[in-house]
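Structure at a glance
One-letter residues, chain by chain:
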Amino acid sequence: MKRIVPILFASAFTTFAFSQQQITNSGFEDWEVVATPDMEPLNWNSFLTADGDFSGFANNQITRETDVQPGSSGTYSAHIFSVEIFTVVANGNLTVGRINMGAIDPGSANNYNSSIIADGEFSEALTDTPDSLVFWVKYTPVNGATLGKVATILHDDYEYRDGPQVHAGSTPHTVATATETIATTNGQWVRKSVPFDYVGPASTNTFILITFTTSSVAGGGDDNDQMWIDDVELIYNPTSGVDELEDNNVAVSVNNGELNVFSETPLTGTASIFTANGQLVQTAALDGAIPFNHAPGVYFVKLETPFGIISKKIVHSQQ
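Residues numbered from 1 in each chain as written. Predicted model: local features only at pLDDT ≥ 70, side-chain atom pairs only at ≥ 80, totals over all residues. Heavy atoms only, no water.

Let us look at the sheet that holds strand S10 (residues 111–114). Sheets are built from strands that pair by backbone hydrogen bonding, the pairs being arranged parallel or antiparallel. Within the open sheet, the three strands sit side by side as S9-S10-S14. Their pairing is antiparallel. Every other strand in the sheet has two partners, leaving strand S9 (98–101) and strand S14 (161–162) as the edge strands with one partner each. (Pairing = 2+ DSSP bridges. Helix = DSSP H or I, 4+ residues; strand = E, 2+ residues; numbered from the N terminus.)

And the structure:
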């Protein structure tokens, strides 16, 4: 094998997404004060920034917590919880869209989360086509039979509504969905993977709407059902370009503080290095020695070459 750039032998190509889009602040590390002293994670929204006729009755139902999933390189997770108000349970709710509080009845069609596509504070642009949604969750309902839920929709240029009742105006704009109920995790962090179902009828997505809630039924559950969420990730399966490069026997390793790329075919282009949580930590050209001065852990290397893109996983054991 010809040595192209002066690391252990890398595994076969991974399904980890590099060039593809990820959710902003997916690890909930960045927070902002929205109503002193109450905070929300940047790019995510709760009842604190809700809209609608009844938004003035909103409670703070989100906190920043240092309880994070095992192995996380981050410091914080998002914690949502339900609150009972005059015998009505307001479920914990976290979304990249905006919550609309339009009625007292939780099951009303006037209560929903929506992508406000003209406002980046309340929408998340996404034009790539992920295969699944992965996240870590710790869910502790008061009643062990209560189910939480994650609902994800890829949609086109429309202010899509996701609520307890199907919104007829939104349905034609659906590209794909990834929805799953969440059972109690018995006080433990659990990794979840939910596949996208490209159900249509729309075919080209431009936005993604994600919602986490403490109950799969609007107004269901009990006071103080709790859910912690961490490290949300979009997963993309390998493309044909990845397969083509894999056949050319490309290998990646780290040795003596340098990243090495080996291939039977000379490669040019760039190498991008990501943490296991999707954070870009380094980019370098494939034309010389690439220093690698990162903490021990799992990393993913994306090679962008004239032949296509290949993804490699490395386990770095020495700093």
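Turning our attention to the layout of surface pockets. There is about 850 Å³ of room inside the largest pocket. Taken together, 34 residues form the lining of the largest pocket, with Phe47, Ala90, Asn91, Pro106 and Asn111 sitting closest to its centre. For the lining of the largest pocket, the secondary structure elements donating two or more residues are strand S7 (88–90), S9, S10, strand S13 (148–155) and strand S17 (207–213). Each residue belonging to the lining of the largest pocket can be placed in one class, and the counts come to 19 nonpolar, 13 polar and two charged. (1 Å grid on protein atoms, 1.4 Å probe; cavity = no way out; pocket = protein on both sides within 12 Å on 5 of 7 lines; lining within 4 Å. Points joined across faces, edges and corners; volume = space filled by probe spheres on them. Nonpolar A, V, L, I, M, F, W, Y, C, P; charged D, E, K, R; others polar.)

On to the environment of Ile210. Relative to the elements of secondary structure, Ile210 occurs in strand S17. Relative accessible area serves as the criterion here: at 0%, Ile210 is assigned to the buried category. Considering only alpha carbons, one finds Ile210 and Glu124, 86 residues apart in sequence, at a separation of 8.9 Å. Not counting residues within four places of it along the chain, the set of residues in contact with Ile210 comprises Ile23, Trp44, Leu94, Thr95, Val96, Leu133, Val150, Ala151 and Thr152. (Buried < 20%, exposed > 50% of the residue type's maximum accessible area, 1.4 Å probe, protein only. Contact = heavy atoms within 4.5 Å.)

Trp44, Phe135, Ile210 and Phe212 are the most contacted members of the largest nonpolar core, which has 31 residues in total. Broken down by secondary-structure element, the contributors of at least two residues to this core are strand S5 (77–81), strand S12 (132–140), S13, strand S15 (174–182), S17 and strand S18 (226–235). Residues contacting Phe135, with those up to four places away along its chain left out, are Val150, Ile182, Val190, Arg191, Lys192, Val194, Phe212, Asp230, Asp231 and Val232. (Core = buried A, V, L, I, M, F, W, Y, C linked by side-chain atoms within 4.5 Å.)

With that settled, consider the packing of aromatic side chains. Aromatic ring pairs are reported here in terms of the distance separating the ring centres and the angle at which the planes meet. Using the criterion set out here, one finds six aromatic pairs in the structure. Arranged with centres 5.0 Å apart and planes meeting at 45°, the rings of Phe28 and Trp44 form a pair that is tilted. Taken as a pair, Phe28 in the loop between strand S1 (3–5) and strand S2 (31–35) and Trp44 in the loop between strand S3 (38–41) and strand S4 (62–65) lie far apart in primary sequence, 16 residues in all. The exposure classification of Phe28 matches that of Trp44, with both residues buried. Where Phe196 meets Tyr198, the ring centres are 6.4 Å apart and the plane angle is 45°; that geometry is what we call tilted. Judged by relative accessible area, which is 9%, Phe196 ranks as buried. These aromatic residues form a ring-pair network of at least three members: Phe28, Trp44, Phe135 and Phe212. Across the ring face of Tyr76, the terminal group of Arg64 is positioned such that the distance to the ring centre comes to 4.2 Å. (Phe/Tyr/Trp six-rings, centres within 6.5 Å; stacked < 30°, edge-to-face > 60°. Lys NZ or Arg CZ within 6 Å of the ring centre and 35° of its normal.)

Here we come to the pattern of salt bridges. Under the criterion given, the structure shown has two salt bridges. Between Asp67 and Lys138 there is a salt bridge; the shortest N-O distance is 2.3 Å. Of this pair, Asp67 sits in the loop between S4 and S5 while Lys138 sits in strand S12, placing them 71 residues apart in sequence. For Lys138, a relative accessible area of 11% translates into the label buried. Note that Glu304 is salt-bridged to Lys302, the shortest N-O span being 2.9 Å. Classification of Glu304 by relative accessible area gives partly exposed; the value is 30%. Relative accessible area serves as the criterion here: at 7%, Lys302 is assigned to the buried category. (Salt bridge = Lys/Arg side-chain N within 4 Å of Asp/Glu carboxyl O.)

We now examine the sheet that holds S4. Strand order in the open sheet formed by five strands is S4-S5-S18-S12-S16, with antiparallel pairing between adjacent strands. For this open sheet the edge positions go to S4 and strand S16 (190–195), each flanked by a neighbour on one side alone. Within the sheet, the average angular offset between the axes of one strand and its neighbour, ignoring direction, is 35°. The pairing of S12 with S18 spans eight bridges and is antiparallel. For Lys138, the partnering residue across the bridge sits in S18 and is Trp228. (Axes fitted to C-alpha atoms, helices over the stretch in contact; angles between N-to-C directions.)

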